[in-house]
Amino acid sequence: MNITEATVEAIKTVADLESRNYDTPYPEEDLKLELQRNDSLFLCSYNDSGILTGYLIARYILGECEIHRITVAADFRRTGIAEALLNNLEKICIDHTAYSIFLEVNEKNVPACNFYHKKGFFELSRRKKYYGSADALILRKRIAHVNDTEERIC
Ligand SMILES: CC(C)(COP(=O)(O)OP(=O)(O)OC[C@H]1O[C@@H](n2cnc3c(N)ncnc32)[C@H](O)[C@@H]1OP(=O)(O)O)[C@@H](O)C(=O)NCCC(=O)NCCS
């Protein structure tokens, strides 16, 4: 598996995965703009044949990092790709002195909720009935930095 920063060549495939996986997919133009933002991190994973298997889009906000998307193509799920993308993000967060990662997820999205639970996220709050009958969970994970000597509030 190879994980690199997204390039403009990846955008069509990412847009296709967006439309297959989300009710309000990012259009190609928005994805291209994401490539240009200084506060954005856009990673893609590729398999050994060069097929784009997944991507992650996150933004840095005042010492925190917010995941906007983490998506794996259906044929490649359950092979550790989302874990690898998140592990990469955590390493980059350390370089950017981001002390926690947060995100929002539909409580009924079992694969995603299990994934975040496995990766050490905890529930910070919930937005009741944000997705119709389902709540939105706000999850957060604190990133351990090598020189941490005290609990930091971000
Ligand atoms: C959620 C998602 C990103 C997981 O990607 P993935 O590459 O399949 O996940 P991984 O292979 O890295 O799995 C890591 C862990 O997540 C959990 N998990 C992943 N898919 C799961 C599923 N279908 N059912 C239950 N647990 C699941 C498991 O704990 C798994 O560890 P294990 O395989 O050792 O049991 C993927 O299902 C996806 O793209 N879903 C559609 C888009 C989406 O909903 N994104 C999240 C928006 S908040």
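The structure reproduced in this document is the subject of the present report. (Residues numbered from 1 in each chain as written. Predicted model: local features only at pLDDT ≥ 70, side-chain atom pairs only at ≥ 80, totals over all residues.)

Here we come to the sheet that holds strand β5 (residues 100–106). Sheet architecture is open: seven strands sit in the order β1-β2-β3-β4-β5-β7-β6, paired in mixed fashion. The outermost strands of the open sheet, each flanked by one partner alone, are β1 (2–5) and β6 (122–131). Averaged over all adjacent pairs, the angle separating strand axes in this sheet is 25°, with direction ignored. Across eight bridges, strand β3 (residues 52–61) lies against strand β4 (residues 64–72) in antiparallel orientation. Considered in β4, the bridge of Ala 58 is made with Ile 67. (Pairing = 2+ DSSP bridges. Helix = DSSP H or I, 4+ residues; strand = E, 2+ residues; numbered from the N terminus. Axes fitted to C-alpha atoms, helices over the stretch in contact; angles between N-to-C directions.)

Formed by 31 residues in total, the largest nonpolar core has its most connected members in Leu 43, Tyr 55, Leu 56, Ala 58, Leu 85 and Leu 89. Of all elements in the fold, only α1 (11–21), β2 (40–46), β3, β4, α3 (81–95), β5 and β7 (134–142) reach the threshold of two or more residues within this core. If one sorts the elements of this core by residue count, α3 sits on top with six residues. Once you skip the residues sitting within four places of it in the chain, Leu 43 turns out to touch Ile 3, Glu 5, Ala 6, Tyr 55, Leu 56, Leu 85, Asn 88 and Leu 89. (Core = buried A, V, L, I, M, F, W, Y, C linked by C-beta atoms within 7 Å. Buried ≥ 20, exposed ≤ 12 C-beta atoms within 10 Å, placed from the backbone. Contact = placed C-beta atoms within 7 Å.)

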